[in-house]
Amino acid sequence: MKPCWSIILEDKNILVDEGKVEIKRDNLLFIEGLVSGYGKMEILHGVSLSVGKGEIVGLIGPNGAGKSTVLKAVGGLLKITSGKVVFLGEEITNHPPYQIVEKGMAFNPQGRVVFPEMTVQEHLDLGAWTIKERKQKEEALERVYQLFPWLREKRKRRAAQMSGGEQQMLSLARAMMIQPKLLLLDEPSLGLSPKWVQTVFEKIVEIKNSGIPCLIVEQKAAMILEYSDYGYVLEMGKNRFEGKGHDLLQNPDVRRLYLGG
Amino acid sequence: MGKKFERTQIIIGFILFMAFLISIPFFASDYWMTLLVLILIYTVYASGWNLFSGLTGYTNFGLAWFIGISGYLSSILIADYQWFWLLAWPMGGLLVSILSMGVGYILLRIKGVYFAISMVALTEGTRELFGTGYLEPITHGGKGIPFVAGIRLPTLYWSILFLAFATVFICYKITSSRFGLRLVAIREDEQAAETLGIHTTKEKIIAFALSAFLVGLGGAIHCTYQNYIDPNYAFNIQLTLTPIVMTLFGGIGTVFGPVLGATLFTFIHEILWAELTLLYMAIFGAILMILILFFPQGLLGWMKEKGILPKIRKI
């Protein structure tokens, strides 16, 4: 008997570059036939995707398609009822979040989750707490300060005193403290002004260029596809389209259905 | 320079204050010492409660369970096995802290009001159980255990003073540590804390067990001080509620809030009780309502808000 995900794989549309039969990508993160949801409510009915080295992968789709659910299931926050998640060649299906983080997968949750009463320094300390060695911790801190130079001056500042954009950057910086091998971002643009959205995305590209791939869930589909090396479109908890970022952008079906014409 | 000077001043002030507290049995009357013993016992309860609930945001309504379990073991050891009080107390603390790990493992997965109610149920259930005939050979049933520990009031006072100091010191250290930071992260947003790789269940259980140990030690001393224990007294819901109200009064989630709360609360209670015996509960209720309405963050939280005290968690 075929597993259920293979049936789903068959009717999804893979956009392939002309002339090439297949797009070769090496898999850092590999998700196959993911079935998950909240309690008895199943949201994902078999989602498959992968993230390769040095890639920004965008995950888009209409509201309720299960984009954030994918990230939560991968990050260990939701129970996976079927399917598997492979990270760095190791299966991490249903591992608890603290183990997944220790393996090098950082998760930046939705809605710029910062702790209002804590200072910038404390956020970064918290982010690095899985690192045991002091020297490594200092190196991580130094690297994050290089990536976000303005945080150094504001390290005594409490998160409550910061603007929404600054909080999102702080959340990103905190996720970077574990020196991740993969970064999961859940709607980094949510609730930010256009200027800050731009800044945040530029930072994400900088992070990618430093060698850390990102899997990003976004509501701003056109924008994320522009930055993405590869993209996936989800619908009703299933894969609908996938392909290179700009191919998806140009595809008439994707444009009509998800990018507003 | 200025900051260093300030620090020295604080340390000198603190040493003088401690010296004063330690020397109290040499000149104060028994009445004052008794009052201070009560304040210190409640300081331990309130600080111990705050250590877990104030930092993690899980409201623990099972303080009386900590007190009762530890009080019972230490009292039985002293009364029936003639143990020396100083050895019996830590046994009570250890027992309740080990039991609380098991309880925490099961109950710390449920949140909010459900956790609170479960702890009340646990306390009430244990109270019933300790009064029944089944456990009578051990607990002496509902008639309780009167006993004499052979400890003089000054010694008891110094013991509870030491415990209260240790408790507040531990709270201070934890609040300003990374462990405290992780607990606060759990309080603010447990799922976000998880995404940072914090093993939330483990951290909660550690804080819960530590809180149980400190409160349990306080409970053991409390029972020795009363020279008596019975189920209705040891597992009394008042023992849970009073420290919680004191903490809210002083400032939840702060280090010195519970100390301030326990001190002021005991004094107000004492004055009202002595002067207006018939009205004191009514006046007390009114004071509480005013405090909750106008100082929801407690006295210390209010002082931080107004800039009288710096806005740091270490206070």
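Quick caveat, the model's predicted, so the values are computed rather than measured.

How each quantity is defined
Residues numbered from 1 in each chain as written. Chains lettered and ligands numbered in written order. Predicted model: local features only at pLDDT ≥ 70, side-chain atom pairs only at ≥ 80, totals over all residues. Heavy atoms only, no water. Helix = DSSP H or I, 4+ residues; strand = E, 2+ residues; numbered from the N terminus. Buried < 20%, exposed > 50% of the residue type's maximum accessible area, 1.4 Å probe, protein only. Contact = heavy atoms within 4.5 Å. Buried area = accessible area lost by both parts, 1.4 Å probe. Salt bridge = Lys/Arg side-chain N within 4 Å of Asp/Glu carboxyl O. Polar contact = N/O pair within 3.5 Å; in protein donor to acceptor, adjacent residues only side chain to side chain. Patch = residues over 30% accessible without salt bridge, like charges linked within 9 Å, V, L, I, M, F, W, Y side chains within 5 Å. Areas by Shrake-Rupley, 256 points an atom, 1.4 Å probe, with all protein chains shown as cover. 1 Å grid on protein atoms, 1.4 Å probe; cavity = no way out; pocket = protein on both sides within 12 Å on 5 of 7 lines; lining within 4 Å. Points joined across faces, edges and corners; volume = space filled by probe spheres on them. Nonpolar A, V, L, I, M, F, W, Y, C, P; charged D, E, K, R; others polar.

Visitor: Go over the environment of Thr119(A) with me, naming the residues and quoting the values.
Guide: Residue and element names in this part refer to chain A. Take Thr-119: it is sitting in the loop between β7 (105-108) and α4 (120-127). Judged by relative accessible area, which is 17%, Thr-119 ranks as buried. Spatially, the C-alpha atoms of Thr-119 and Glu-218 are 28 Å apart, while their sequence positions differ by 99 residues. Apart from residues no more than four positions distant in its own chain, Thr-119 is found in contact with Arg-155, Lys-156, Arg-157 and Arg-158.

Visitor: Report on the interface of chain A and chain B, specifying residues and quantitative values.
Guide: Listed as interface residues are 20 residues of chain A and, on the opposing side, 19 residues of chain B. When the two sides are added together, the surface that chain A and chain B hide from each other amounts to roughly 2,000 Å², 65% of it contributed by carbon and sulfur. Three residues stand out in chain A for area buried against chain B, namely Tyr98(A), Phe115(A) and Trp129(A), and they jointly supply 30% of the buried area on that side. Linking chain A with chain B are one salt bridge. Asp125(A) serves as the salt-bridge partner of Arg178(B), at 3.7 Å between the closest nitrogen and oxygen. Across the chain A-chain B interface, the total number found is one residue pair in polar contact (both at pLDDT 80 or more). When residues of the side of chain A that touches chain B are traced back to their parent elements, those giving at least two are α3 (97-102) and α4 of chain A.

Visitor: Can you explain a nonpolar patch on the surface? Please cite residues and give values.
Guide: Residue and element names in this part refer to chain B. Together, Tyr-81, Trp-83, Phe-84, Leu-86, Leu-87, Met-91, Leu-94 and Ile-98 make up an exposed nonpolar region whose accessible area comes to about 810 Å². For the nonpolar patch, the element with the highest residue contribution is helix α4 (residues 85-107), accounting for five residues. Inspection of the secondary structure assignment puts Phe-84 in the loop between α3 (63-81) and α4. Relative accessible area serves as the criterion here: at 46%, Phe-84 is assigned to the partly exposed category.

Visitor: Hey, could you go over the layout of surface pockets for me, with residue numbers and the actual values?
Guide: Estimated volume of the largest pocket: approximately 1,500 Å³. In terms of lining, the largest pocket is formed by 32 residues, of which the most central are Ile10(B), Phe14(B), Tyr172(B), Phe256(B) and Lys314(B). Among the elements of the structure, α1 (2-27), α2 (30-56), α7 (153-175) and α13 (257-275) of chain B are those that each provide at least two residues to the lining of the largest pocket. The element best represented in the lining of the largest pocket is α1(B), accounting for 11 residues. Quantified by volume, the second largest pocket comes out at close to 950 Å³. Considering the residues around the second largest pocket, the lining is formed by 29 residues, among which Glu117(A), Lys311(B), Ile312(B), Arg313(B) and Lys314(B) are closest to the centre. At the level of elements, α4 of chain A together with α7, α8 (178-188) and α15 (298-305) of chain B are the ones that each hand at least two residues to the lining of the second largest pocket. The element contributing the most residues to the lining of the second largest pocket is α8(B), with four residues. Grouping the amino acids of the lining of the second largest pocket by side-chain chemistry returns four nonpolar, 10 polar and 15 charged.

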